[in-house]
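# Secondary and tertiary structure notes
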Amino acid sequence: MKNLTKDFGSKRVLTGVDLKVHEGEIIGYIGPNGAGKSTTVKIMLGLIDDYFGDVSIFGQDIANGDSTYKRRIGYVPETADLYENLTAKEYITFIGELYGIEPEIVEQKAKKMVQLFGIEDVYHSRISSFSKGMKQKVLIISSLIHNPDLLFLDEPLSGLDANSVMVVKEILAKLAADGKTIFYSSHIMEVVEKISHRIILLADGKLVADGSFEELREKNMEGSLEEIFNQLTGFDKHKAIAEEFVSVVQRDVT
Ligand SMILES: Nc1ncnc2c1ncn2[C@@H]1O[C@H](COP(=O)(O)OP(=O)(O)OP(=O)(O)O)[C@@H](O)[C@H]1O
């Protein structure tokens, strides 16, 4: 991205973002609510096209009208509209076929991936009957079924149990070792700290930090990523806010 700038009406939500990402990197993509993370991801996915600046993916300017680069991208959105009337099998094979995979191949892959995620019992059930974690597994499988080179994950572990979290973390490490590039957006700093090779912090539409966790710590920032996040975003009021909030909760309601 070069000088990426985006306005929604009169509001500037991204201001001159410059970013170069390499193959095999797991990028912890973090920032306060409303910082502009989803907006940058949507621009890279081609879902928002009226922006200023340049965005190139796989060496190609995404504004050149050729959208074939999207075939090499996988995406787990924070909130997804799954077609819940479909069964897991129908949904995953539908997504796979949209990416141009042969039906027999997508079915074989889907069956095996569902089995590895421990949801084979509900493979033929409608997604509407699934728990949150089961839906999340369907989303993760769908994002990977076409073996993408670039992955955008927004709170991908949401709703997953502790065992499944371990499996997904291992999958991401393995994919990155195989040269896949992963944008990992999350507000769970402990996980971002552990899995990211590089952490990028966006605040108020600007890039305010970029480096490995160790590099961020060396730059006079102490403690965990959560504490570094607090320092970089100038936030130290959590206790005062919590106290005031509880005092409002406790006000008489009669
Ligand atoms: N379609 C839209 N129309 C107008 N404003 C928008 C639109 N989409 C996003 N915004 C604004 O752009 C800013 C950045 O939003 P964005 O969703 O990119 O933030 P985010 O970093 O992903 O936040 P979160 O962590 O809460 O998901 C916010 O001020 C938001 O209100």
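Definitions and cut-offs
Residues numbered from 1 in each chain as written. Predicted model: local features only at pLDDT ≥ 70, side-chain atom pairs only at ≥ 80, totals over all residues. Helix = DSSP H or I, 4+ residues; strand = E, 2+ residues; numbered from the N terminus. Rg over C-alpha atoms; globule rule 2.2 N^0.38 Å. Buried ≥ 20, exposed ≤ 12 C-beta atoms within 10 Å, placed from the backbone. Contact = placed C-beta atoms within 7 Å. Pairing = 2+ DSSP bridges. Axes fitted to C-alpha atoms, helices over the stretch in contact; angles between N-to-C directions. Near = placed C-beta within 6 Å. Nonpolar A, V, L, I, M, F, W, Y, C, P; charged D, E, K, R; others polar. Core = buried A, V, L, I, M, F, W, Y, C linked by C-beta atoms within 7 Å. Parallel < 35°, antiparallel > 145°, perpendicular 65-115°, else oblique. Left-handed = near helix turned anticlockwise from the far one by under 90°. Expected span 1.5 Å × (residues − 1).

An unreviewed UniProt entry lists the protein under the name ABC transporter ATP-binding protein, with Evansella tamaricis as the source organism.

With that settled, the discussion passes to the overall build of the protein. In terms of regular secondary structure, the protein is built from 9 helices and 11 strands. On C-alpha atoms alone, the protein measures out to a radius of gyration of 20 Å, which is about the 18 Å that the 2.2 N^0.38 rule sets for 254 residues. Expressed as lengths along the three principal axes of its C-alpha atoms, the size of the protein is roughly 55 × 55 × 40 Å. Scored against the burial criterion, the 254 residues of the protein give a buried share of 31%. Residue pairs in contact within the protein that sit at least 24 positions apart in sequence constitute 65% of those at least 6 positions apart.

On to the sheet that holds strand β9 (residues 181-185). The sheet built from 6 strands is open, its strands ordered β7-β8-β9-β3-β10-β11 with mixed pairing. Edge strands, defined here as strands with exactly one partner in the open sheet, are β7 (73-76) and β11 (206-211). Taking each pair of neighbouring strands and ignoring which way they run, the sheet shows an average axis angle of 15 degrees. Judged from the 4 bridges that link them, strand β3 (residues 26-30) and strand β10 (residues 198-203) form a sheet pairing that is parallel.

Every residue close to the ligand is listed here: F8, V13, G31, N33, G34, A35, G36, K37, S38 and T39. Here the shell around the ligand takes 3 residues from helix α1 (residues 37-44), the largest share from any one element. Of the residues belonging to the shell around the ligand, the class tally is 3 nonpolar, 6 polar and 1 charged.

If you look at the biggest cluster of nonpolar residues, it comprises 55 residues, and the most contacted ones within it are I92, V138, I141, I182, F183, Y184 and I199. In terms of residue count, the dominant contributor to this core is helix α4 (residues 132-144) (5 residues). Among all residues touching F183, those that are not within four sequence positions of it are I27, Y29, V41, L151, F152 and L153.

To continue, consider the packing of helix α2 (residues 88-98) against helix α3 (residues 103-116). One can describe the packing of α2 onto α3 by two numbers: an axis separation of 9 Å at closest approach and a directional angle of 130 degrees. The orientation of α2 relative to α3 falls into the category oblique. α3 is crossed by α2, and the crossing has right-handed handedness. On the side of α2, the interface is formed by A88, K89, I92, T93, G96 and E97, while α3 contributes P103, V106, E107, A110 and V114. Looking at the contact of α2 with α3 residue by residue, the classes come out as 6 nonpolar, 2 polar and 3 charged.

With that settled, the discussion passes to the pairing of β7. Where burial is concerned, the two faces of β7 agree: the one with I73 and Y75 and the one with G74 and V76 are both buried. As defined by bridge partners, β7 adjoins strand β8 (residues 150-154) across 4 bridges and the pair is classed as parallel. Of the residues in β8, the one forming a bridge with V76 is L153.

To continue, consider unusual backbone geometry. Its identity is not glycine, yet N3 carries a phi of approximately 55 degrees, on the positive side. On the secondary structure map, N3 appears in strand β1 (residues 2-8).

A separate point is α4. An ideal rise of 1.5 Å per residue puts 18 Å on 13 residues; α4 measures up with 19 Å between its terminal C-alpha atoms. Among the 13 residues of α4, 10 are classified as buried, and the element is accordingly described as predominantly covered. Within the span of α4, buried status applies to M134, K135, Q136, K137, V138, L139, I140, I141, S142 and S143. Packed against the buried residues of α4 are β7, α2, α3, β8 and α5 (162-177).

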